[in-house]
Amino acid sequence: MKDNLNANAGPLGRPNPGAAPEYSAGESPRNGHSSFQTNGHSPSKPFNMWVALDLLAPRWHWLVLGTILCGGLFYLLGWYVVRPKFTANAQLIRYDTPGMDEAFKGTPVSGDTFAALIQDPSLLKKVGQEVFPPISPDALSKQLKVDPDPDSDLIKVQLAARDPRQAVDLLNIYLTNAVEYTRQLAARQLSMISSNFLQKQVAEIDKDIKDLEAQFFAVPPGLGNTNRLAQTNWRINELSQRLQKALADLDDLKLHFTDIHPKVQAQEQAVAQLRSEMAQAATNQTQTSFTPQAAVGMTPPAPGQAISPELDIVHIKMRALEDGRLELLKREREAELYAANEPGNVRVYAAAEPKTVKDNWRRLKIGLVTFIGGGLGLAASLVLVFLVEFLDNRLKTPDDITRVTKLPVLTTLGNLREMEPHDRAQWAFRAWTMLQGRLSPSANHGLVCGITSSAPGEGRSTWISLLAEAASMTGFRVLTIATRPSPEHVNSNGDSTPTEKPKPQAPEANHTNNHSSAITPSVLSSPAKVTEQLIGPNSQPVVHIPLPGWVWNLERRCQWREALQHWREIDNLVILVELPPACLPEAVLLGSNLPNMLWLTASGTAQAGETREQLETLRDARCNLVGAVLNREPGRPLKQRFPRWMGGFLAAGLLGLNQARAQGTNSPALAEPAANQPAGSIAPDFTAQTNASFSVFNPAQRAAWERHLTLGPGDVLTLNLYGEPALTRAQVAIGPDGRVSYLEAQDVMAAGLTVDELRDKVDQALSEYRRAPHCMITPIAYRSKHYYMLGKVATKGVFVLDRPLTVLEALGRAHGLENALVDRNVFDLADFKRSFLARRGKRFALDFERLFQQGDLSQNIAIEPGDYIYLAPGDINQVYVLGEVRSPGTVDYIPTLTVVGAIAERGGYTERAFKMRVIVMRGSLSNPEKFVVNTHAILDAQAPDFKLQPKDIIFVNSRPFIKVEEAADLAATAFIQSVIASWVGVDVVQPFPLQ
């Protein structure tokens with residue numbers, strides 16, 4: 001299409017509304033010769049998809065090349081920009097050290113704070129130095145991502161690298177260093193507590209004790225060594241009492257804990273400290289002036305005897321300080337033990353593994369980039385093709401010819417080299433039949449027609465040869481005249497002198513065959529010679545006359561006109577004139593003497609501007625252009641090739657869809673019991689036990705999951721030790737990871753275990769720290785088992801299976817089915833035929849229609865964990881009432897709807913209704929069922945009413961003799977009116993006679 005060819009043409013070659021219609025080979029306009037006028041017009045042909053495809057088809061290789069080049073360029077760009085990246089995943093979990101005093105745990109930190117803590121530059125630097133090649137902290141921080149879970153103590157850690165093995169190794173190294181880093185931080189914190197806080201407190205207490213000892217051992221006047229010895233004995237007795245208490249506490253701890261417990265070790269160190277102090281006190285006693293025997297048997301003097309009351313006060317204070325000092329020493333030693341053997345408060349919950357590595361979908365991204373690039377290349381190629389087509393002003397298609405020449409395209413011819421001789425002969429016969437039927441006054445009458453074109457080499461001689469052969473085969477005499485002027489100069493006398501040899505004729509331009517003969521140009525002065533060749537004794541079927549350049553002589557042109565007039569008088573003669581190209585003046589001079597002219601255009605040869613100018617010249621010369629023909633047609637339009645294919649594909653797709661739907665509807669997996677199902681449809685172990693009741697109340701009906709009830713995330717427990725009510729922990733929930741912690745038993749996996757199995761595991765974990773522990777576990781709430789309700793239920797969602805439930809009870813917990821109010825009737829919106837229950841990934845053989853509509857409790861099976869119940873939505877069915885009713889339309893269907901009820905809903909019958917024959921159509925349109933209902937008998941109580949089904953069509957006929965009844969009624973009315981008018985006229989006239 002050439003947009004610049006005609007100012008009146010639409011965009012992108014949209015044809016002008018005044019263009020002539022297009023005709024294929026052998027086709028013709030329907031209105032006779034008037035359609036071949038030079039000013040004929042045709043309706044516009046809008047630009048649509050098929051026109052665009054016809055434009056693109058000849059240059060499809062441009063689109064392919066542009067798509068491949070641009071797609072390849074974007075592929076290389078994506079390969080360079082999108083680098084391979086593999087992300088390794090791991091998890092850390094935070095926990096509290098078992099048995100640690102609250103004073104040693106430090107201040108709790110949030111998840112985000114902890115995530116920032118384990119991304120410390122010093123830690124990243126250490127990790128980067130342990131790998132080869134080393135990685136800087138900045139680069140490692142960009143590769144690392146720490147994401148704490150706000151609802152649990154889990155911390156997700158991700159690390160990206162160019163190689164999956166490198167990502168896994170680097171992440172595991174980071175996890176190891178992060179755990180060690182947090183352990184060192186906790187150890188340093190405990191060391192700081194021990195050195196900066198507890199040691200200073202102990203030193204302060206030691207200083208106070210020394211001051212009190214100095215006061216206690218100061219000898220008042222008059223007491224001497226007796227008081228000093230008594231003071232020493234009191235000291236030994238006090239230490240002995242404290243030692244006995246410490247030993248009792250140690251025995252109590254060993255009764256509950258093992259020797260490796262930090263509390264036991266700290267108490268043992270306190271006992272050793274007391275024994276050391278007692279030994280030192282005994283050494284001080286031997287240094288007095290008394291004998292050991294006297295010292296041993298000496299007892300503290302009674303109050304008021306040898307010791308003053310002030311010494312009792314000092315003694316009490318000293319004892320209190322000693323107790324505090326001992327407690328601080330024990331805590332100090334416990335802190336030192338935890339600092340030396342700090343277990344840390346973080347551990348690796350899930351290490352990085354190669355199977356958990358995720359890539360960055362590099363190939364997919366590169367493919368997407370390549371696809372986008374190919375799309376851009378295709379778009380650019382499309383723009384280029386349309387631009388080239390927009391700027392191209394050659395005539396290629398019948399639409400181009402119609403738009404530029406304003407002539408109807410009578411026929412077209414494709415590539416002769418690709419046509420078989422038989423096809424070529426068939427085309428020539430159809431083209432000749434069309435041309436003879438349009439230009440000849442009768443089927444047995446000859447015609448005269450000239451063919452011209454815009455430029456040489458467009459195939460005029462080929463068309464003349466093919467049409468002449470076809471006319472000869474149909475029994476006509478054929479005279480072909482070649483008026484192509486040779487390149488000669490004409491003198492003033494009209495004689496021509498050759499200056500160069502004529503150009504050789506194209507191979508297909510063969511005017512003569514074994515049935516034709518050629519005559520010299522001198523026949524113009526004596527046309528009888530040609531007549532003799534045509535109708536004489538030795539007549540030829542085809543006669544050819546070559547006429548070189550002579551038209552500039554007026555006398556010769558007169559001879560040409562007279563010769564044509566002479567030959568036209570021959571019966572059944574067809575004269576085909578090959579005119580020179582319209583770019584030469586000879587074509588105008590010769591064509592003005594012809595009654596008919598055809599404009600020939602070879603596809604892709606003629607220019608639009610030149611063609612328009614040449615046609616204007618021919619029209620100015622009063623040449624009768626009756627139509628145009630197209631040579632070397634590029635091909636049939638795509639719109640004429642594909643509609644049947646597309647229709648076939650569409651029909652095949654719809655047929656396949658209907659068959660699949662029919663197979664799905666008639667599948668035995670949805671209608672037969674599980675025992676009759678084919679392999680793979682429904683698991684054979686899907687057996688439902690029911691007692692034909694609304695609920696499960698018999699213990700014998702327990703399912704396998706109830707007989708082996710396991711715990712899971714969300715279940716709530718109460719834990720305590722036998723004989724230790726103070727250690728009871730209530731409302732302990734199993735975490736999302738399926739673990740539970742109690743006392744020293746940390747992170748015990750509870751998911752998938754029964755209560756007894758979990759009790760054994762907790763006892764085993766506690767036995768490392770306690771003597772013969774016996775844990776008691778009481779379930780409080782079961783929240784780990786769920787089932788799902790979706791579809792047309794009032795309350796959709798996930799429900800906790802905390803007790804045995806049946807399908808009806810599950811539906812009742814979801815507040816029943818959804819319903820709607822239509823015309824004062826309540827309808828359930830669920831379609832039981834398409835509803836289903838899915839268990840373990842497969843559909844269960846459960847008939848909801850029998851359960852809900854027929855009350856078959858054998859379908860009321862028990863719900864199991866993970867069951868998915870879907871109540872499919874259903875449409876509100878309707879019945880259609882048409883014909884002689886007062887308000888035709890639809891009626892909402894209810895199970896009790898009848899024909900009379902539906903007609904009453906639409907306002908009842910009209911006066912023209914035929915009540916004895918009401919038609920009810922039922923079923924599909926391809927195979928409907930027809931029922932004839934006598935509603936007159938129904939209204940007379942002589943027949944039962946007809947019950948309807950959804951989608952039924954009710955048609956009320958009009959009475960068969962309604963026209964006769966109306967005519968009779970009209971006649972009776974007219975008769976009565978005339979009688980009344982006559983009678984009234986007589987009564988009025990008689991009392992008043994004319995005078």
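Note that the coordinates shown come from a computational prediction; the quantities given were computed from them, not determined experimentally.

Asker: Sorry, what's going on with the pattern of salt bridges here?
Answerer: Pairing between side chains becomes possible if they bear opposite charge and their charged atoms approach one another. With the rule as written, the count across this model stands at 21 salt bridges. The partner of Glu-389 in a salt bridge is Arg-59, and the shortest N-O contact between them spans 2.9 Å. Placement of Glu-389 in helix α11 (residues 362-391) and of Arg-59 in the loop between α1 (49-56) and α2 (60-81) is noted, with a sequence separation of 330 residues between them. Within this structure, Arg-59, Glu-389, Asp-392, Arg-394 and Lys-396 form a network of salt bridges that share partners.

Asker: Honestly, unusual backbone geometry in this entry has me stumped. Any pointers?
Answerer: A negative phi holds for most residues other than glycine; trans holds for most peptide bonds. Cis geometry is adopted by the peptide bond preceding Pro-133, which originates at Phe-132 and carries an omega value of -5°. For Pro-133, the position within the fold is in the loop between α4 (121-130) and α5 (137-143). The phi torsion at His-815 lies on the positive side, around 65°, for a residue other than glycine. Residue position: His-815 is located in the loop between α24 (807-813) and β23 (819-822). Positive phi values are uncommon outside glycine, yet Ala-941 reaches one of about 60°. Along the chain, Ala-941 turns up in the loop between α27 (935-939) and β32 (953-958).

Asker: Whenever I open this one, the nonpolar core confuses me. Can you help?
Answerer: The nonpolar side chains of a soluble globular protein tend to be buried, and buried together. In this structure, Leu-479, Ile-481, Trp-560, Trp-567, Ile-575 and Leu-618 are the most contacted members of the largest nonpolar core, which totals 38 residues. The element contributing the most residues to this core is helix α16 (residues 554-568), with 4 residues. Once residues lying within four places of it in the same chain are set aside, the contact partners of Ile-481 are Ile-545, Leu-547, Trp-560, Leu-564, Trp-567, Ile-575, Leu-576, Val-577 and Glu-578. Listed in part, the 30 residues of the second largest apolar core include Trp-432, Leu-447, Ile-464 and Ala-470.

Asker: Would you mind going over the side chain of Asp-715 with me for this structure?
Answerer: Secondary-structure assignment places Asp-715 in the loop between α22 (704-707) and β16 (716-721). There is no salt bridge for the buried Asp-715, and the closest opposite charge comes from Lys-785, which lies 4.8 Å off by N-O distance. At 2.9 Å, the side chain of Asp-715 forms a polar contact with the side chain of Ser-784. Ignoring anything within four residues of it in the chain, the contact list for Asp-715 reads Thr-710, Val-732, Ala-733, Ile-734, Ala-781, Tyr-782, Arg-783 and Ser-784.

Asker: How do you make sense of the environment of Pro-456 when you look at a structure like this?
Answerer: Here Pro-456 is to be found in the loop between β7 (447-453) and α14 (460-473). For the pair Pro-456 and Cys-583, spaced 127 residues apart in sequence, the C-alpha to C-alpha distance is 8.7 Å. Setting aside residues no more than four positions away along its own chain, Pro-456 makes contact with Pro-581 and Cys-583.

Asker: Can you help me understand α11 in this one?
Answerer: Three or four residues apart is the spacing at which side chains of an α-helix point the same way, because the helix has 3.6 residues per turn. A rise of 1.5 Å per residue sets the reference length of α11, with its 30 residues, at 44 Å; its end C-alpha atoms lie 43 Å apart and thus fit the reference within 8%. Looking at α11, one finds that the buried residues are Arg-362, Ile-366, Gly-373, Gly-374, Gly-377, Ser-381, Val-385, Phe-386 and Glu-389.

Asker: Can you walk me through the pairing of strand β14 (residues 597-602) in this structure?
Answerer: Within a regular strand, the side chains alternate between the two sheet faces. With 6 of its 6 residues buried, β14 lies for the most part within the structure. In β14, alternate side chains face the same way, and those of Met-597, Trp-599 and Thr-601 on one face and Leu-598, Leu-600 and Ala-602 on the other are all buried. Sheet topology places β7 next to β14; 4 bridges connect them, and they run parallel. Across the sheet, the residue bridging to Thr-452 is Trp-599, located in β14. In this structure, β14 lies alongside strand β15 (residues 625-631), joined through 6 bridges in parallel fashion. Bridge pairing links Leu-600 to Val-629 in β15. Since β14 and β15 lie parallel, the crossover through helix α18 (residues 608-620) that links them has a hand, and here it is right-handed.

Asker: What is the right way to read the pairing of strand β3 (residues 154-161) from this model?
Answerer: Among the 8 residues of β3, 6 are classified as buried, and the element is accordingly described as predominantly covered. As paired strands, strand β1 (residues 86-94) and β3 are joined by 8 bridges and run antiparallel to one another. When the bridges of β3 are listed, Ala-90 appears paired with Val-157. Where strand β2 (residues 144-148) lies against β3, 5 bridges are found, and the strand directions are antiparallel. Within β3, the position partnered with Val-146 by the bridge is Val-157. The turn joining β2 and β3, which pair antiparallel and follow one another in sequence, is formed by 5 residues.

Asker: Mind showing me how you'd approach the confidence of the model for the protein chain here?
Answerer: Detailed reading of the predicted coordinates is not advisable wherever pLDDT falls low. Here the protein chain averages 75 in pLDDT, while 71% of its residues score no lower than 70. Put simply, strand β10 (residues 496-498) is where the protein chain has its lowest mean pLDDT, 36, and β14 is where it has its highest, 92. pLDDT under 50 marks residues 221-225. Its contacts with residues more than four places away, or in other chains, come to 4 contacts.

How each quantity is defined
- Residues numbered from 1 in each chain as written.
- Predicted model: local features only at pLDDT ≥ 70, side-chain atom pairs only at ≥ 80, totals over all residues.
- Heavy atoms only, no water.
- Salt bridge = Lys/Arg side-chain N within 4 Å of Asp/Glu carboxyl O.
- Helix = DSSP H or I, 4+ residues; strand = E, 2+ residues; numbered from the N terminus.
- Core = buried A, V, L, I, M, F, W, Y, C linked by side-chain atoms within 4.5 Å.
- Buried < 20%, exposed > 50% of the residue type's maximum accessible area, 1.4 Å probe, protein only.
- Contact = heavy atoms within 4.5 Å.
- Lys, Arg positive; Asp, Glu negative; His and termini not counted.
- Polar contact = N/O pair within 3.5 Å; in protein donor to acceptor, adjacent residues only side chain to side chain.
- Expected span 1.5 Å × (residues − 1).
- Pairing = 2+ DSSP bridges.
- Right-handed = clockwise from strand over helix to strand, strands pointing away.
- pLDDT = per-residue confidence, 0-100.

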